[in-house]
Amino acid sequence: MIILFHTIMPATTYHTTVERIDVLSYNVRSFRLKLAQPFEFQAGQFVIINIPADLPGAPPDVRARAAQSGGGVVKRAYSIASPPHEANIVELCIQHVEHGIASTFFWQLKEGMPVSLSGPHGRFTLKEPLTYEPVFLATGTGVAPFRSMIKHLMHISFTNQMWLLFGCRYEHGLLYEGEFRAIASLRRNLRYIPTVSRPKEWLGETGHIQQTFLKHITDVSNKEIYLCGWSEVVKSVMTDLTAAGIPSARLHYEEWA
Ligand SMILES: Cc1cc2nc3c(=O)[nH]c(=O)nc-3n(C[C@H](O)[C@H](O)[C@H](O)COP(=O)(O)OP(=O)(O)OC[C@H]3O[C@@H](n4cnc5c(N)ncnc54)[C@H](O)[C@@H]3O)c2cc1C
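In this report, the structure presented in the accompanying data block is examined. (Residues numbered from 1 in each chain as written. Predicted model: local features only at pLDDT ≥ 70, side-chain atom pairs only at ≥ 80, totals over all residues.)

Attention shifts here to the nonpolar core. What tends to happen in soluble globular proteins is that the nonpolar side chains get buried as a cluster. Counting residues in hydrophobic clusters, the biggest one holds 62 residues, and the most contacted among them are Phe 136, Leu 137, Phe 146 and Leu 164. By residue number, the principal contributor to this core is strand β8 (residues 162-168), which donates 6 residues. Every residue in contact with Phe 146, bar those within four places of it in the chain, is listed here: Phe 136, Ala 138, Leu 164, Tyr 226 and Cys 228. (Core = buried A, V, L, I, M, F, W, Y, C linked by C-beta atoms within 7 Å. Buried ≥ 20, exposed ≤ 12 C-beta atoms within 10 Å, placed from the backbone. Helix = DSSP H or I, 4+ residues; strand = E, 2+ residues; numbered from the N terminus. Contact = placed C-beta atoms within 7 Å.)

Given below as structure tokens:
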């Protein structure tokens, strides 16, 4: 399922201000945007950021690419990492891409600056009714919709077991590590299992998240499995899980092309 956001129902445009920027890793930052009016969405949905194509201060090649966009605006989709109950807040978790248009825009932002967005978009939301055990598999910033879902499930006092399997290359690339560990120790129904594929001094799981999944999740009869991340990673995880006999009806995914 490649997300074609321009084909999904029209959404309202909102003006926001950057409330806070946090460094999450060497190449990922979180941007907490404050809206002046209420913004309703479901955990797992995404917004589209409207980036002014003139991009003052950007390198010439980035400005040239941005200038080619129609209407003077470049649009990029980002999953909402904050939960729906955080009133008037949209938090994004963004990986910096070298010479990326949106990356350049976001890395120039400062607290108090304006950002325009539209939304909410997307159908990658929790399957109802919530009678099952959700298993979330994320690589990198693909964890964003799952942070929203986990915080939402905690907010509604969901008591079933839930799992977060989070994969990244290096241990210093783990996102929201302290936060997920704190939730898992306070709320016994979250199992948080990070996996690092190129460990240096890491003592936890190593390899790829599909290996961690097959090691820890032996019975999928009462589970719904959600995957999110860059397309090639999601495809490879899907291939391995279906080859291992996981029914495709239990797999729900959002891949970023
Ligand atoms: C539904 C949806 C939700 C998304 N949610 C998020 C999110 O929560 N967080 C997030 O960080 N991104 C997310 N993305 C991806 C995001 O929309 C942008 O594609 C990404 O931020 C790069 O945009 P850019 O303008 O900086 O780079 P561009 O100017 O579009 O790209 C610059 C160059 O870098 C290449 N490139 C782009 N991304 C990568 C990459 N990761 N690694 C290597 N090369 C790359 C491009 O092919 C291009 O050559 C999402 C995408 C979709 C469709």
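Picking up after the structure, the text goes on.
Turning our eyes to something else, we now look at the site of the ligand. Lining the immediate surroundings of the ligand are 19 residues, of which Ala 77, Gly 100, Ala 102, Ser 103 and Thr 141 lie closest. At the level of secondary structure, the elements contributing two or more residues to the shell around the ligand comprise β4 (73-79), β5 (89-95) and α2 (101-108). Here the shell around the ligand gets 4 residues from one element, more than from any other, and that element is β4. Looking at side-chain class alone, the shell around the ligand contains 12 nonpolar, 6 polar and 1 charged residues. The residue makeup of the shell around the ligand includes at least three contributed by each of domain 1 (5-121) and domain 2 (133-256). (Near = placed C-beta within 6 Å. Nonpolar A, V, L, I, M, F, W, Y, C, P; charged D, E, K, R; others polar. Domains from an automatic or database assignment.)

Pairing of strand β1 (residues 12-23) with strand β6 (residues 114-121) involves 6 bridges; the strand directions are antiparallel. Bridge pairing links Tyr 14 to Leu 117 in β6. Here β1 folds back onto strand β2 (residues 28-35) in antiparallel fashion, the turn holding 4 residues. (Pairing = 2+ DSSP bridges.)

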